[in-house]
Amino acid sequence: MTLERMAEDVWCASAPQEFFGWQLGTRMTLLRLGDRTLLLHSPVPIDDALKCEIDALGSVGHIVAPNLFHHLYAGEAARLYPEAKLHGASGLKKKRPDLKLDAVLGGAPDSAWRDAVATLQIAAPTLGETAFFHQPSRTLICSDLIQNFDTADDWWTRAYLKIAGIYGKPGLSRLPRMAFEDKKEARRCIDELLDWHFGRVILAHGEPIRSNGEEVFRGAYAWLK
């Protein structure tokens, strides 16, 4: 694994990740904040080489487990960076009592990043995701709000993508859509998110959307009436 620079003060690192045999991968986003500390969003496994790259950029001040599913490597990151503040999704404390959360996402952004990063808790309780928007680079950072696969190497993953309705096009698979129980409130959240007018989307599963992100995201949520 290695860091890929996406924009000024924005990097990401991708890692393999299997779910029920599907090779969907996962991705961490790294932001350098105004005080020059780093924020790690949805950590991936951090080996020695990746840690060296991260440390060369600054000191890690914040680690974020952004929803109820992207928390697998948060504890490992917290052990590597014990001085960092660990932020977790609402409800994560019950699911992962072993994680010592310093802050719960969903309210106002942390004072350390509010000047550069906006957050929005999405009304999907079983997902529990808080979206992040890096304002200087107009980058939306999310985990499970959208996926983007052109294809997949193995037939089992391709079969999943086709059944999920997201083969060869950005979108949200049918299963996560079930998390949006209150459609009216969920639609309000998505519309508020779209008001950020982002250009780029860094997501966890599939390829980042490098341009026209707002239009792509709007089309992906046309189903949510």
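Remember, it's a predicted structure, so these values are computed and weren't measured experimentally.

**Some details on the overall build of the chain**
Part 1 of the reasoning: Within the chain one finds seven helices and 13 strands.
Part 2 of the reasoning: A compact globule built from 225 residues would reach a C-alpha radius of gyration of about 17 Å, and the chain, at 16 Å, matches this within 12%.
Part 3 of the reasoning: Based on the C-alpha atoms only, the size of the chain along its principal axes is roughly 45 × 35 × 35 Å.
Part 4 of the reasoning: Within the chain, the fraction of its 225 residues that count as buried is 55%.
Part 5 of the reasoning: Sequence-distant contacts, at least 24 apart, represent 53% of the contacts inside the chain between residues at least 6 apart.
Part 6 of the reasoning: In the form shown here, the chain has an accessible surface area of approximately 10,500 Å², with 53% of it arising from carbon and sulfur atoms.
Part 7 of the reasoning: The average position of the 27 basic charges and that of the 29 acidic charges among the side chains of the chain differ by 5 Å.

**Points about the nonpolar core**
Part 1 of the reasoning: With 29 residues, the main nonpolar core has Leu 145, Phe 180, Leu 193, Trp 196, Phe 198, Phe 217 and Tyr 221 as its most contacted residues.
Part 2 of the reasoning: Where this core is concerned, the elements lending two or more residues are strand E10 (117-121), strand E11 (130-134), helix H6 (183-194) and helix H7 (213-220).
Part 3 of the reasoning: Take this core: its biggest share by element is five residues, from H6.
Part 4 of the reasoning: Among the nonpolar cores identified, the runner-up in size contains 25 residues, and Ile 54, Ala 65, Leu 86 and Ala 89 belong to it.

**As for the packing of aromatic side chains**
Part 1 of the reasoning: Counted under the stated rule, the structure contains eight aromatic pairs.
Part 2 of the reasoning: Ring geometry for Trp 155 versus Trp 156: centroids 5.5 Å apart, planes at 70°, classification edge-to-face.
Part 3 of the reasoning: The class of Trp 155 is exposed, set by a relative accessible area of 61%.
Part 4 of the reasoning: Seen from their ring centres, Phe 198 and Phe 217 are 5.8 Å apart, and the 90° between their planes marks the pair as edge-to-face. Of this pair, Phe 198 sits in the loop between H6 and strand E13 (200-202) while Phe 217 sits in helix H7; the two residues are 19 residues apart in sequence, bridging distant segments of the chain. Each member of the pair, Phe 198 as well as Phe 217, is classed as buried.
Part 5 of the reasoning: Counting every residue linked through ring pairs, the aromatic cluster contains Phe 180, Phe 198, Phe 217, Tyr 221 and Trp 223.
Part 6 of the reasoning: Across the ring face of Phe 69, the terminal group of Lys 95 is positioned such that the distance to the ring centre comes to 4.2 Å.
Part 7 of the reasoning: Directly above the ring of Tyr 167 sits Lys 162, whose terminal nitrogen or CZ lies 5.0 Å from the centroid.

**A short note on the pattern of salt bridges**
Part 1 of the reasoning: Taken as a whole and assessed by the stated rule, the structure comprises 10 salt bridges.
Part 2 of the reasoning: A salt bridge links Glu 8 to Arg 5, with the shortest nitrogen-to-oxygen separation between them at 2.8 Å.
Part 3 of the reasoning: The exposure class of Glu 8 is exposed, given its relative accessible area of 52%.
Part 4 of the reasoning: Glu 214 is the partner of Arg 218 in a salt bridge, and the nearest nitrogen-oxygen pair spans 2.8 Å. Here the residue Arg 218 and the residue Glu 214 both occupy positions in helix H7, the gap between them amounting to four residues, near one helical turn.

**Some details on the layout of surface pockets**
Part 1 of the reasoning: Roughly 660 Å³ of volume is contained in the largest pocket.
Part 2 of the reasoning: Every residue lining the largest pocket is counted, 28 residues in all, and those nearest its centre are Phe 19, Phe 69, Asp 144, Pro 176 and His 205.
Part 3 of the reasoning: Residue composition of the lining of the largest pocket, grouped by class: 17 nonpolar, nine polar and two charged.
Part 4 of the reasoning: In this structure, the second largest pocket occupies an estimated 260 Å³ of space.

**Some thoughts on unusual backbone geometry**
Part 1 of the reasoning: Here Ser 42, not a glycine, exhibits a phi torsion of approximately 55°, which is positive.
Part 2 of the reasoning: Secondary-structure assignment places Ser 42 in the loop between strand E6 (38-41) and helix H1 (48-57).
Part 3 of the reasoning: Among the residues examined, Ser 42 registers a relative accessible area of 1% and is labelled buried.
Part 4 of the reasoning: Despite not being glycine, Asn 212 shows a phi value in the positive range, around 55°.

**What to know about helix H4 (residues 155-164)**
Part 1 of the reasoning: Within the sequence span of H4, burial applies to Thr 157, Tyr 160, Leu 161 and Ala 164. Looking straight down H4, one finds that the buried residues subtend no more than 95° of arc, so they occupy a single side. Residues of H4 that are exposed and point over 90 degrees away from its buried face: Trp 155, Lys 162 and Ile 163.
Part 2 of the reasoning: Of the surrounding secondary structure, the elements contacted by the buried residues of H4 are strand E4 (22-23) and helix H5 (174-177).
Part 3 of the reasoning: Once H4 ends, the next one or two residues include Gly 165, with phi positive near 80°.

Cut-offs applied
Residues numbered from 1 in each chain as written. Predicted model: local features only at pLDDT ≥ 70, side-chain atom pairs only at ≥ 80, totals over all residues. Heavy atoms only, no water. Helix = DSSP H or I, 4+ residues; strand = E, 2+ residues; numbered from the N terminus. Rg over C-alpha atoms; globule rule 2.2 N^0.38 Å. Buried < 20%, exposed > 50% of the residue type's maximum accessible area, 1.4 Å probe, protein only. Contact = heavy atoms within 4.5 Å. Areas by Shrake-Rupley, 256 points an atom, 1.4 Å probe, with all protein chains shown as cover. Lys, Arg positive; Asp, Glu negative; His and termini not counted. Charge placed at Lys NZ, Arg CZ, Asp CG, Glu CD. Core = buried A, V, L, I, M, F, W, Y, C linked by side-chain atoms within 4.5 Å. Phe/Tyr/Trp six-rings, centres within 6.5 Å; stacked < 30°, edge-to-face > 60°. Lys NZ or Arg CZ within 6 Å of the ring centre and 35° of its normal. Salt bridge = Lys/Arg side-chain N within 4 Å of Asp/Glu carboxyl O. 1 Å grid on protein atoms, 1.4 Å probe; cavity = no way out; pocket = protein on both sides within 12 Å on 5 of 7 lines; lining within 4 Å. Points joined across faces, edges and corners; volume = space filled by probe spheres on them. Nonpolar A, V, L, I, M, F, W, Y, C, P; charged D, E, K, R; others polar. Arc of directions from axis to C-beta.

Honestly, it's all geometry; don't read function into it.
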